[in-house]
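# Observations on the model geometry
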Amino acid sequence: MKIAFTATGEGWDALIDPRFGRTDYILIYDEEKDELVSIDNREIMDVAHGAGPKTAQKIHELDPQVLITGNGPGGNAASILKQMQLKIYIKASGMSVRDAYRSFKNNKLILGG
Amino acid sequence: MRLAIASGKGGTGKTTLAVNLAMKAKEKQSCLLVDLDVEEPNGGIFVQGDLVAEHEARRAIPDWDAAACTLCGKCPSWCLYNALIKLGDTILVMPNLCHSCYACSEMCPASALAMKPDSLGTITHRRFEGLDFVESRLEIGLEQASPLISQSLAYIDEHLEKHDLQILDSPPGTACAMVSAVKQADFVILISEPTPFGLHDLKLAVQTVRELGIPFGAVINRDGIGNDEIYGYLKEEKIPLLAKIPHQRRIAELYSQGAMLYKEIAEIDEALEDILSYIGRLR
Amino acid sequence: MKEIVIISGKGGTGKTSFCAALAQHLQDDLVVADCDVDAADLHLIFEPHNSLATDFYSGVLAHIDPLRCIDCGICAEKCRFDAISNASGQYTVDAVDCEGCGYCYHLCPENAISLKEQMVGQYMSSETRFECTLVHARLRVGADNSGKLVAKVKAIAKDTAKDQGKSYLIVDGSPGIGCPVIASLSGADYVILVTEASQSGVSDLRRIWELVKMFQIPGALIINKADINPTVTKQLHSFAKKEKILLLPEISYSDDFPKAISMGQSILETNPARWQPVISEIWKAIKERI
């Protein structure tokens, strides 16, 4: 299973970014390969409108089954993510990516609506 | 005459002034009140009346034809609003980001993005005690007020009989939406309060109408709650002061009940008289 | 570091006054972000100085190079915003009407049209007459606020709070329910809704709450001018109860608000005897829940 995280930095110690559309980084953990990949999303800073959809498009290309984030995607992004069979977990802000992953595995995260 | 009522910020009494002015004006001339604060039209709280007509305003947005599309993937890069997203073998259109520029539709080599009508909002025409009232309401989720504002004014020109006085209750602020409403007016009344906030925001509004080259005047609301700095500014800038409305707790109470203020408060009735006679002399 | 966002659906409810009072109450353990860019008023109370300002660019404006233009008129014909005309003798783009869609850039057979990034304002980080830093922005007249600018202001405010080791980030949020307000809310740990006891106050509150609900951020409600309309205040009470919004102490209509503003002060400075206990109570209730 592939798990995506919105993060403020790279690597397991980075903190979960509470934002979705304007998140600084997208991290993807491939459980089978035990590989954590970081994607720099910071160019999104220059986007005036439609940041959510742009980031959602990136997520789509990465094809995860789970997304772990903070507040959750706004309306535009949410409607795009709905098209994917994606489980979105929210309220992970403040945790490190590692802790967020552990919480997820222990069923401690909240499923977003 | 087309009169716009605007302010640099919200909460200054713009709608209250527009509504009361319209109700008083219609006693002596044919009057149309237009609520162009399309994201949050509040005029209807004070003015209800019978429905005359309801019009669904539309705008064009691209509709993706999966069968015709060759998935060349060029269209998302053309859209500067990020309203087109390519998700694998699907092109998604984000309606509330689309500005209806037609670029993608007309440039698509496979003609797979024909423009189709989409709901922009509603334009409602009511008649209340001899006053014609048009309210425009933007479809929930849409952010661009300007297209609906322009369409509303066009609708009025086309479908309603000409009134002696048209009062436009403009959106607050000095951004796109306010400019769309105000740029079609013959005269603008800027309403503000005699406080540092009020003065600061009035200056922004003054800058905007000056850039648009439309004659304007000021009405000061809640006179007495602050200081006289704003009056000094108006004098210095030679901006006509059309009326002052005093600050009274009673006014706030009546407002919260949706009451018609000029019928209860003499000072407001006088202020409206002053405004109407000034407007009358302009014609 | 906890982020508290203060929003209200409509203007004139007292949001900015509360923001200033709360900021003053927290003394130096905070950074303040003014995301109400279209009507940025906090600076009138905070008196920002020693500002670090950066130009802010958003969107583009089309520009026709008269030397390359062959007067074919295709751009003017196709522009959906009537922004191009040759009334002046040569084809030019009207800066107010141009929406920056870029269509004309693609159409021009002579590549005579370029898209220029528009400088629409500035964002700044300033010292204030209180003990905290204020991050704020100023837009040019006619320019629109956007998620981009709010996100920028918040990002800087957040970094500043971290660097300075402050416990709180107080955000004066954008009005409405679009992208700027979403960007204001994004990342919030708590939301304070400020409304007034009037019909328009109620309807605006409902709309904004839908947005806050979507993000599942806990919130509290301050009803200002509560005694102006007890019926509406009751409505607001039931709404808050139903939606599980914490009801903070009601505020009766007070001339202290406009008075404070007219003097460029926070209500705590204008009338500390009256407002210190109220703000303390409000903060205590919120602090317990963060």
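Refer to the preceding data block for the structure.
Everything in this summary refers to the structure shown in the same document.

What counts and what doesn't
Residues numbered from 1 in each chain as written. Chains lettered and ligands numbered in written order. Predicted model: local features only at pLDDT ≥ 70, side-chain atom pairs only at ≥ 80, totals over all residues. Heavy atoms only, no water. Helix = DSSP H or I, 4+ residues; strand = E, 2+ residues; numbered from the N terminus. Buried < 20%, exposed > 50% of the residue type's maximum accessible area, 1.4 Å probe, protein only. Contact = heavy atoms within 4.5 Å. Areas by Shrake-Rupley, 256 points an atom, 1.4 Å probe, with all protein chains shown as cover. Lys, Arg positive; Asp, Glu negative; His and termini not counted. Charge placed at Lys NZ, Arg CZ, Asp CG, Glu CD. Core = buried A, V, L, I, M, F, W, Y, C linked by side-chain atoms within 4.5 Å. Phe/Tyr/Trp six-rings, centres within 6.5 Å; stacked < 30°, edge-to-face > 60°. Lys NZ or Arg CZ within 6 Å of the ring centre and 35° of its normal. Buried area = accessible area lost by both parts, 1.4 Å probe. Salt bridge = Lys/Arg side-chain N within 4 Å of Asp/Glu carboxyl O. Polar contact = N/O pair within 3.5 Å; in protein donor to acceptor, adjacent residues only side chain to side chain. Nonpolar A, V, L, I, M, F, W, Y, C, P; charged D, E, K, R; others polar. Expected span 1.5 Å × (residues − 1). Pairing = 2+ DSSP bridges. Axes fitted to C-alpha atoms, helices over the stretch in contact; angles between N-to-C directions.

### Focus on the overall build of chain A
For chain A, the count of helices and strands is three helices and six strands. Starting at the N terminus, the α and β elements of chain A follow one another as β-β-β-α-β-α-β-α-β. C-alpha atoms of chain A, sized along the principal axes, occupy 35 × 25 × 25 Å. The proportion of buried residues among the 113 residues of chain A is 55%. Residue pairs at least 24 apart in sequence account for 50% of intrachain contacts in chain A once pairs closer than 6 positions are excluded. Roughly 5,100 Å² of accessible area belongs to chain A as shown, and the carbon and sulfur atoms make up 45% of that amount. When the 14 positive and 15 negative side-chain charges of chain A are each reduced to one mean point, those points stand 7 Å apart.

### Concerning the environment of Lys2(A)
All names here are of chain A. Among the secondary structure elements, lysine 2 is positioned in strand 1 (residues 2-7). Overall, lysine 2 belongs to the partly exposed group, its relative accessible area being 26%. For the pair lysine 2 and aspartate 34, spaced 32 residues apart in the sequence, the C-alpha separation amounts to 9.7 Å. The residues touching lysine 2, leaving out its near neighbours within four places in the chain, are Ile28, Tyr29, Asp30, Leu62, Asp63, Pro64, Gln65 and Val66.

### Considerations on the nonpolar core
Counting residues in hydrophobic clusters, the biggest one holds 55 residues, and the most contacted among them are Ile59(A), Leu67(A), Leu81(A), Leu84(B) and Ile84(C). Setting aside residues no more than four positions away along its own chain, Leu81(A) makes contact with Phe20(A), Ala56(A), Ile59(A), Leu67(A), Pro73(A), Leu86(A) and Ile88(A). Ala137(C), Val150(C), Val153(C) and Ala161(C) belong to the second largest nonpolar core, which has 43 residues in total.

### Considerations on the packing of aromatic side chains
Using the criterion set out here, one finds 11 aromatic pairs over all chains in the structure. Taken together, a centroid distance of 5.9 Å and an interplanar angle of 50 degrees make the contact between Phe187(B) and Tyr278(B) tilted. Taken together, the residues span a long stretch of sequence, with Phe187(B) in strand 9 (residues 187-192) and Tyr278(B) in helix 9 (residues 266-282) at a distance of 91 residues. Judged by its relative accessible area of 22%, Tyr278(B) is partly exposed. Ring geometry for Phe46(C) versus Phe130(C): centroids 5.0 Å apart, planes at 85 degrees, classification edge-to-face. Here Phe130(C) lies in the loop between strand 6 (113-127) and strand 7 (133-139) and Phe46(C) lies in helix 2 (residues 42-46), a separation of 84 residues in the sequence. We classify Phe46(C) as buried; its relative accessible area is 0%. Given the relative accessible area of 11%, Phe130(C) is considered buried. Aromatic ring contacts, followed pair by pair, group Phe5(A), Trp12(A), Tyr29(A) and Tyr101(A) into a single cluster. Geometry around Tyr102(B) places Arg80(C) over its ring, the cationic atom sitting 3.3 Å from the centre.

### So, the interface of chain C and chain B
It is common to give the size of an interface as the accessible area that goes away when the parts come together. Listed as interface residues are 47 residues of chain C and, on the opposing side, 42 residues of chain B. The three residues of chain C that bury the most area against chain B are Arg80(C), Tyr103(C) and Val141(C), which together make up 16% of that side's buried surface. The residue Lys183(B) makes a salt bridge to Asp97(C) at a minimum N-O spacing of 3.2 Å. Taken together, the links from chain C to chain B amount to nine residue pairs in polar contact (both at pLDDT 80 or more). For the side of chain C that touches chain B, the elements supplying multiple residues, two or more each, are helix 2, helix 4 (103-107), helix 7 (199-215) and helix 9 (256-262) of chain C. In terms of residues, the side of chain C that touches chain B owes the most to one element, helix 7 of chain C, which gives five residues. Split into classes, the residues belonging to the side of chain C that touches chain B amount to 18 nonpolar, 16 polar and 13 charged.

### A look at the interface of chain A and chain B
Taken residue by residue, the interface counts 11 residues in chain A and 10 residues in chain B. Summed over both partners, the interface of chain A with chain B comes to about 990 Å²; 63% of that surface belongs to carbon and sulfur atoms. In terms of surface lost to chain B, no three residues of chain A exceed His49(A), Gln57(A) and Asn76(A), which account for 44% of the buried area on that side. Our count for the contact surface shared by chain A and chain B stands at zero salt bridges. At the boundary of chain A with chain B, the tally comes to four residue pairs in polar contact (both at pLDDT 80 or more). Elements with a contribution of two residues or more to the side of chain A that touches chain B: helix 1 (51-62) and helix 2 (75-81) of chain A.

### Points about the pattern of salt bridges
Counting across every chain of the model gives 34 salt bridges over all chains. Note that Glu43(A) and Lys58(A) form a salt bridge whose closest N and O atoms lie 3.0 Å from each other. Residue Glu43(A) is found in the loop between strand 3 (35-40) and helix 1, and its partner Lys58(A) is found in helix 1; the two are separated by 15 residues along the sequence. Look at Glu43(A) and you get exposed, because its relative accessible area is 54%. Put simply, Arg249(B) and Glu253(B) hold a salt bridge, and the shortest N to O gap is 3.0 Å.

### Quick notes on unusual backbone geometry
Although it is not a glycine, Ser111(B) adopts a positive phi angle of roughly 50 degrees. Looking at Ser111(B), the relative accessible area reads 55%, which means it is exposed. Of note, Asn111(C) is a non-glycine position whose phi angle comes to about 55 degrees, a positive value. Here Asn111(C) is to be found in the loop between helix 4 and strand 6.

### Examining helix 1 (residues 14-25) of chain B
Residues and elements named next belong to chain B. The end-to-end C-alpha distance of helix 1 is 16 Å, a good match for the 16 Å that 12 residues give at a rise of 1.5 Å each. Burial within helix 1 is extensive, with 12 of its 12 residues counted as buried. Those residues of helix 1 lying buried are Lys14, Thr15, Thr16, Leu17, Ala18, Val19, Asn20, Leu21, Ala22, Met23, Lys24 and Ala25.

### Some points on the sheet that holds strand 3 of chain A
All names here are of chain A. Taken in spatial order, the six strands make up an open sheet running 3-2-1-4-5-6, and their pairing is mixed. On the outer flanks of this sheet lie strand 3 and strand 6 (110-111), each paired with one strand and no other. Alignment of strand 4 (residues 66-68) against strand 5 (residues 87-90), held across three bridges, turns out to be parallel. Within strand 5, the residue paired with isoleucine 68 across the bridge is tyrosine 89. Strands in contact with helix 1 are strand 1, strand 2 (25-30), strand 3 and strand 4; relative to strand 2, the strand with the most contacts, it is inclined by about 20 degrees. Together, strand 1, strand 2, strand 4 and strand 5 form the strand contacts of helix 3 (residues 97-105), whose direction differs from that of strand 1 by roughly 135 degrees.

### Overview of the sheet that holds strand 9 (residues 190-196) of chain C
Residue and element names in this part refer to chain C. Strand order across the open sheet formed by nine strands is 3-6-7-2-8-1-9-10-11, with mixed pairing between neighbours. Edge positions in the sheet fall to strand 3 (49-64) and strand 11 (246-247), since each of these pairs with one other strand and no more. Across seven bridges, strand 6 lies against strand 7 in antiparallel orientation. When the bridges of strand 7 are listed, serine 126 appears paired with leucine 134. This element, helix 1 (residues 15-25), spans strand 1 (2-7), strand 2 (30-34), strand 8 (168-172), strand 9 and strand 10 (219-224) of the sheet and lies at about 165 degrees to strand 8. In the packing of helix 7 onto the sheet, the strands contacted are strand 1, strand 9 and strand 10, and the crossing angle to strand 9 comes to about 165 degrees.

### Some details on the pairing of strand 4 (residues 84-87) of chain B
Residues and elements named next belong to chain B. As defined by bridge partners, strand 4 adjoins strand 5 (residues 90-93) across four bridges and the pair is classed as antiparallel. Its bridge partner lying in strand 5, isoleucine 85 is registered against leucine 92. Taken together, strand 4 and the strand that follows it, strand 5, pair antiparallel across an intervening segment of two residues, in which glycine 88 is found at a positive phi of about 65 degrees.

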